[in-house]
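# Summary of structural features
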Amino acid sequence: MDTKARAQLTDAVYQYSTLTAADQIAGTAEVIKSGRLGSIAGHTVREFEDQVAAHVGRAGAVATASATAALELLLHCLPLREPLERVIVGEVGWITVPTAVARTCRIPVIAPVSADLTPHWEQIEPLLDERTTAVVLAHLRGRPAPDTQRIAAELSRRGITLIEDCAQAWGATVDGLPVGRHGQAALFSTQTYKLIATGEGGVIAADDDDLLTTLRAVGGDTRVALPEGNHGRGNTRMSEITAASALPQLAYLGRLRELLHPLQAALIDRLSLAPPVHGVLPVTDGTQTNLGAEASNGSLVGVWLTTGGQAKRVADRLFQLGVRHWWPGPGDPHLAENWDNASGNGGHVDMTRYLDIQIPVLDQSRHPAFVDLIYSALTGDGSTGGCA
């Protein structure tokens, strides 16, 4: 069965960056031939920053060596307002987020998440106190945090900084506009498994000119004067080669969404009928704002199953079939229970019951076979459906 099923996936593209390989090779070759490999001497990083700012709808952007470096740089450049000030983060996210908070002399506080993997205002509000100065709101698994607008408005009224973590959300939208437009700044990642993938890389998008200047100076751009009261220069700069790899992928992002959404929609419709499935993300009925498939970037379909054991068995089947997926089992670094530098009251959702499947770029004629394959893996009927 596995051999026949794998045969149906031989042309499935999971590493989306390969779709623009020729343009990336041409761009990086030009950088190498120029000899201007660093961002201070070159112009490719600045072009990438300008393109990201235009895409998000921000005044400017600063590119960095990673998204973690971006968050740590941003927090270093935001003045400490309270001794031991608190920063709220959701209980699902990457492990370096609370670490970056702690390394800038702040206390990460965990907010529980809902079934869409993100905290809503109802989970955030009870955690606020006089020492809370910021909230890091993550858009996870290619989907926007559906309560972004309300959270942004409520935090703004209270003078609390909102940082959007868009590392997993290239191409996702909130109310029809790209994620990253709310709050003081937004962070994006170009790590290997993102829709824009350069191995490592990050970028901060913001509107405040003074903040952008400070980010450049503290991040290592020696052409920019350090502002008073800073913590000195570091080096978080993105290289010219990384930016040259990212630019064609950013230009291709809209087309990539178009390629992914039809197969994502077909899989959502089919898995919604699978007996062991208790919920599918994103939704297709249009009843939940910013939870619909059109707001996602198209790259993933998430399901909630009856038990964690059942989810693990499905994950094992998908692994054997060569289907990219994520199951947050014991020890997963995306879960707050495995972070050692944060406090709070997460754990309201049993994440072991969750599983998501990556959507490959696949010839449309093979879409039904792929959907059948995933359905059979979830139902455990031992068949390959249309892949037989």
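What counts as what
Residues numbered from 1 in each chain as written. Predicted model: local features only at pLDDT ≥ 70, side-chain atom pairs only at ≥ 80, totals over all residues. Heavy atoms only, no water. Helix = DSSP H or I, 4+ residues; strand = E, 2+ residues; numbered from the N terminus. Rg over C-alpha atoms; globule rule 2.2 N^0.38 Å. Buried < 20%, exposed > 50% of the residue type's maximum accessible area, 1.4 Å probe, protein only. Pairing = 2+ DSSP bridges. Contact = heavy atoms within 4.5 Å. Axes fitted to C-alpha atoms, helices over the stretch in contact; angles between N-to-C directions. Polar contact = N/O pair within 3.5 Å; in protein donor to acceptor, adjacent residues only side chain to side chain. Patch = residues over 30% accessible without salt bridge, like charges linked within 9 Å, V, L, I, M, F, W, Y side chains within 5 Å. Areas by Shrake-Rupley, 256 points an atom, 1.4 Å probe, with all protein chains shown as cover. Salt bridge = Lys/Arg side-chain N within 4 Å of Asp/Glu carboxyl O. Disulfide = S-S within 2.5 Å.

### Let's talk about the overall build of the protein chain
The helix and strand inventory of the protein chain stands at 11 helices and 14 strands. Taking 21 Å as the expected radius of gyration for a compact globule of 388 residues, we find that the protein chain reaches 21 Å, a close match to that expectation. Based on the C-alpha atoms only, the size of the protein chain along its principal axes is roughly 65 × 55 × 35 Å. Buried positions account for 57% of the 388 residues belonging to the protein chain.

### So, the sheet that holds strand E11 (residues 300–305)
Strands sit in the order E10-E11-E14-E12 across an open sheet of 4 strands; the sheet is antiparallel. Looking along the sheet, the strands with just one partner apiece sit at the ends: strand E10 (277–281) and strand E12 (325–326). As defined by bridge partners, E10 adjoins E11 across 4 bridges and the pair is classed as antiparallel. Residue Val 280 lies in a different strand from E11, and its bridge partner there is Val 303. On top of the sheet, helix H9 (residues 240–271) reaches E10, E11 and strand E14 (354–358); it is set at about 15 degrees to E11, its chief contact.

### Details of the environment of Leu 250
Relative to the helices and strands, Leu 250 resides in helix H9. Sequence separation of Leu 250 and His 55 is 195 residues, and the distance between their C-alpha atoms is 8.7 Å.

### As for the side chain of Ser 114
Structurally, Ser 114 can be placed in the loop between strand E3 (107–111) and helix H6 (121–124). Residue class for Ser 114 comes out buried when judged on its relative accessible area of 17%. A distance of 3.1 Å separates a polar atom in the side chain of Ser 114 from a polar atom in the side chain of His 120.

### Notes on a nonpolar patch on the surface
On the surface, a cluster of nonpolar side chains totalling about 250 Å² of accessible area is made up of Ile 32, Leu 37 and Ile 241. Residue position: Leu 37 is located in the loop between helix H2 (21–34) and helix H3 (44–56). Owing to a relative accessible area of 42%, Leu 37 belongs among the partly exposed residues under this scheme.

### Here's the deal with the pattern of salt bridges
Tallied over the entire structure, the rule returns 17 salt bridges. For Glu 122, the salt bridge goes to Arg 150, with nearest N and O atoms at 2.5 Å. Of this pair, Glu 122 sits in helix H6 while Arg 150 sits in helix H7 (residues 148–158); the two residues are 28 residues apart in sequence, bridging distant segments of the chain. Residue Asp 356 is joined to Arg 141 by a salt bridge in which the shortest nitrogen-to-oxygen separation is 2.7 Å. With Asp 356 in strand E14 and Arg 141 in the loop between strand E4 (132–138) and H7, this pair connects stretches of sequence that are 215 residues apart. Using a relative accessible area of 14% as the deciding quantity, one classes Arg 141 as buried. Salt bridges linked by common partners bring Glu 125, Glu 154, Arg 157 and Arg 158 together as one network.

### Overview of H7
Taken together, the buried positions of H7 are Thr 148, Ile 151, Ala 152, Glu 154 and Leu 155. Packed against the buried residues of H7 are H6, E4, strand E5 (161–165) and strand E6 (173–174). Following H7 by one or two positions, Gly 159 has its phi on the positive side, about 70 degrees.

### Description of the state of the cysteines
Counting across every chain of the model gives 0 disulfides. The thiol sulfur of Cys 105 is not disulfide-bonded, and the nearest other cysteine sulfur, from Cys 77, lies at 14 Å. The thiol of Cys 166 is unpaired, and the distance to the nearest cysteine sulfur, on Cys 77, comes to 18 Å.

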